[in-house]
Amino acid sequence: MEERTLQRLYYDRQLRVPGWGPHGQEILAHSTVLVVGVGGLGCPVLAALVRSGVGRLIFCDPDTVEASNLPRQSLFSVADVGLSKVQAAALVLAGSNPWIDLEPVAERVTAANVRALVEQADLVVDGSDNFSTKFLLHDACRSAGKPFVMASLYQWEAQVNSFDFRRSEPGCWRCLYQVAPEDGCVGVCAQVGVVGALAGLAGNFQALTALRLLLGLETATGCSTWVVNALDPSPRRLKWKPDPACACARGKGDWRWLEALTATSLREQAPWNLVAPVDRQVVIDLREPQEILPHEWAWFEAIGSRVIHARWSQWHASQPNWDPSTTYLLVCAHGLRSLAAVRTLPPSIRGLSLTGGIAELKDMIEGRT
Amino acid sequence: MGGLLVTLKVRYFGQLQNEAGCSGETLETQATNVAELWRELAARHGFTLEAKLIKAAQDDEFCDWEAPLASAEVVFMPPVAGG
């Protein structure tokens, strides 16, 4: 079949939908969407936006596929375990729609790269798994004036928010949370668990919201959270009022907060190759027992480090006996819990969080990066 | 505390649901505002999350902790971050 005919037939059913049509398809073809995190949320978001015909998709995730991802991360198969998430996703997505541009970025989104990434996009979707990234993206979209669709999961529960920062009226997530909650304060998926089918529901809800915003069909939900608990499947919409004292009331274009963030970030985390020998004196593994493989501690012991197990779920109740003459390297699966823990250390204790966690270290040791 | 005894519904989300062992309950309380109600429930269920993390809502709208109890249902929702 001629490619042009194939392409027209591919989009046929959605072209018939009122509010979409050839004009809507044209808008999508000229749109760029940034998706941050290719996990439980990012997979269904990407699958839906790619097949809808969004012209350019930039997607970021520094991680590799793990077996425990597979029940909810629908772009990956068993054979992908150990491969880069964005590369594995790009292969599958290219097969499902060859007429769009895919830009995989195997990087973590940080204060250093967030502005450049967000400014390239017409809309940003958050599929990250930590508060720091979510708030960073939210604040960057607010400054850049880009629509932002975010979601988070917890066991059977999903919360979804969307903000159309193209519009000038006040109201944002900071009106509700002036200060971002600390990462790890309510548990991460590895610790508390998550239901795979729920990730599909929330991710597709995000994709629908993104399409609605791109097509100009309806405004964002603004100051309200859509929250669903799959054990009690009547969703709720909880509203809040814009805070006149919030930065959103001053409108877009103000990036001073980002400069301050980049300038003041202390050395509280480092990747393995920048961890000094002294920082390796005592390694604290914050993971839950079922996450730890026996050979992993040997990596640290081989370079003379002692390893202590102090699980993050009990961190606030019981911590190691701190020795001010020792340097501690805190580790977990991906560096989220360890970063949260390092911020709770007594002021006299020197500690560092391993960026990217055991997952990144494993890739380095096994020569994948 | 010391207000009149009122009957209301409470709805829990996230970790609070695990700790309370239910998604919600109907109860009688003498609490007059949201903060008093929270302290009463936190003591009963042994909630471990700090109050500053939790958002409370009445009539499906988030409210201050000092807001008087004015609706038939109060929602307590911690933030979640999984992805």
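Residues numbered from 1 in each chain as written. Chains lettered and ligands numbered in written order. Predicted model: local features only at pLDDT ≥ 70, side-chain atom pairs only at ≥ 80, totals over all residues. Heavy atoms only, no water.

Asker: Hey, could you run me through unusual backbone geometry in this one?
Answerer: Leaving glycine out, the prevailing phi sign among residues is negative, and the prevailing peptide bond configuration is trans. Residue and element names in this part refer to chain B. Positive phi, normally seen in glycine, also occurs at Asp 59, with a value near 50°. Along the chain, the position of Asp 59 falls in the loop between strand S3 (55-58) and strand S4 (61-63). Positioned with a positive phi, Asp 60 is a non-glycine residue whose angle comes to about 60°. Among the structural elements, Asp 60 can be located in the loop between S3 and S4. Residue classification places Asp 60 among the partly exposed residues on the basis of a relative accessible area of 26%. (Helix = DSSP H or I, 4+ residues; strand = E, 2+ residues; numbered from the N terminus. Buried < 20%, exposed > 50% of the residue type's maximum accessible area, 1.4 Å probe, protein only.)

Asker: Could you clarify how one ought to interpret helix H13 (residues 357-365) of chain A in this entry?
Answerer: The α-helix winds at 3.6 residues per turn, so residues separated by three or four positions along the chain end up facing the same way. Residue and element names in this part refer to chain A. Of the positions making up H13, those classed as buried are Gly 357, Ile 358, Ala 359, Leu 361 and Asp 363. Where H13 is buried, its residues touch helix H11 (296-301), strand S12 (327-331) and strand S13 (350-354). Two residues or fewer past H13, Gly 367 is found with a positive phi of approximately 75°. (Contact = heavy atoms within 4.5 Å.)

Asker: Just to check I follow, could you spell out the layout of surface pockets for this structure?
Answerer: Over the atoms rolls a probe the size of a water molecule, and in doing so it shows where empty space is left. Residue and element names in this part refer to chain A. Approximately 690 Å³ is the volume attributed to the second largest pocket. Its residues assigned to classes, the lining of the second largest pocket comprises 12 nonpolar, 9 polar and 5 charged. Shared between two domains, the lining of the second largest pocket holds at least three residues of each, these being domain 1 (31-264) and domain 2 (269-365). (1 Å grid on protein atoms, 1.4 Å probe; cavity = no way out; pocket = protein on both sides within 12 Å on 5 of 7 lines; lining within 4 Å. Points joined across faces, edges and corners; volume = space filled by probe spheres on them. Nonpolar A, V, L, I, M, F, W, Y, C, P; charged D, E, K, R; others polar. Domains from an automatic or database assignment.)

Asker: What is the right way to read the nonpolar core from this model?
Answerer: The nonpolar side chains of a soluble globular protein tend to be buried with one another. Formed by 64 residues in total, the largest nonpolar core has its most connected members in A:Leu34, A:Val118, B:Leu37 and B:Phe76. Non-local contacts of A:Leu34, meaning those with residues more than four positions away in its chain, are made with A:Ile58, A:Cys60, A:Leu117, A:Val118, A:Ala121, A:Leu123, A:Val124 and A:Val125. Counting 35 residues, the second-largest nonpolar core is a separate cluster that includes A:Trp20, A:Leu28, A:Val45 and A:Leu211. (Core = buried A, V, L, I, M, F, W, Y, C linked by side-chain atoms within 4.5 Å.)

Asker: Teacher, can you tell me more about the interface of chain A and chain B here?
Answerer: Where interface size is quoted, it is often the accessible area lost as the parts come together. Each partner contributes to the interface: chain A provides 32 residues, whereas chain B provides 22 residues. Buried area between chain A and chain B, both sides added, is near 2500 Å², and the carbon and sulfur share of it is 55%. Residue A:Arg236 pairs with B:Asp60 through a salt bridge whose shortest N-O separation is 2.9 Å. Secondary structure elements with two or more residues in the side of chain A that touches chain B: helix H7 (131-144), strand S5 (147-154), strand S6 (157-164), strand S7 (224-229) and strand S8 (232-239) of chain A. Looking at the side of chain A that touches chain B, the element that brings in the most residues is S8(A), giving 5 residues. (Buried area = accessible area lost by both parts, 1.4 Å probe. Salt bridge = Lys/Arg side-chain N within 4 Å of Asp/Glu carboxyl O.)

Asker: Where do I start with helix H5 (residues 85-96) of chain A in this structure?
Answerer: Residue and element names in this part refer to chain A. For H5, with 12 residues, the first-to-last C-alpha span of 17 Å sits near the 16 Å given by 1.5 Å per residue. When we look at burial in H5, the residues that qualify are Lys 85, Val 86, Ala 88, Ala 89, Ala 90, Leu 93 and Ser 96. Buried residues in H5 make contact with helix H1 (3-10), helix H4 (42-52), strand S2 (56-60) and strand S3 (101-105). (Expected span 1.5 Å × (residues − 1).)

Asker: I would appreciate a short explanation of the pairing of strand S1 (residues 32-36) of chain A in the present structure.
Answerer: Regular strands have side chains that alternate between both faces of the sheet. Residues and elements named next belong to chain A. Summarising burial for S1: 5 of the 5 residues are buried, a large majority. Residues Thr 32, Leu 34 and Val 36 of S1 are buried on one face, and the alternating residues Val 33 and Val 35, pointing to the opposite face, are buried as well. For S1 and S2, the ladder comprises 5 bridges, and the chain directions are parallel. Bridging from a neighbouring strand, Val 36 pairs with Cys 60 of S2. For the crossover from S1 across H4 to S2, the handedness is right-handed. As paired elements, S1 and strand S4 (residues 123-126) share 4 bridges and run parallel to each other. Among the inter-strand pairings, Leu 34 is bridged to a residue of S4, identified as Val 124. (Pairing = 2+ DSSP bridges. Right-handed = clockwise from strand over helix to strand, strands pointing away.)

Asker: In this structure, what is going on with the packing of aromatic side chains? I would like to understand it.
Answerer: The geometry of an aromatic ring pair is captured by the separation of the ring centres together with the interplanar angle, meaning the angle of the planes. All names here are of chain A. For the structure shown, the criterion picks out 19 aromatic pairs over all chains. With 5.6 Å between their ring centres and 15° between their planes, Phe 163 and Phe 165 make a pair best called stacked. You can call Phe 163 buried: its relative accessible area is 1%. The exposure class of Phe 165 is buried, given its relative accessible area of 8%. (Phe/Tyr/Trp six-rings, centres within 6.5 Å; stacked < 30°, edge-to-face > 60°.)

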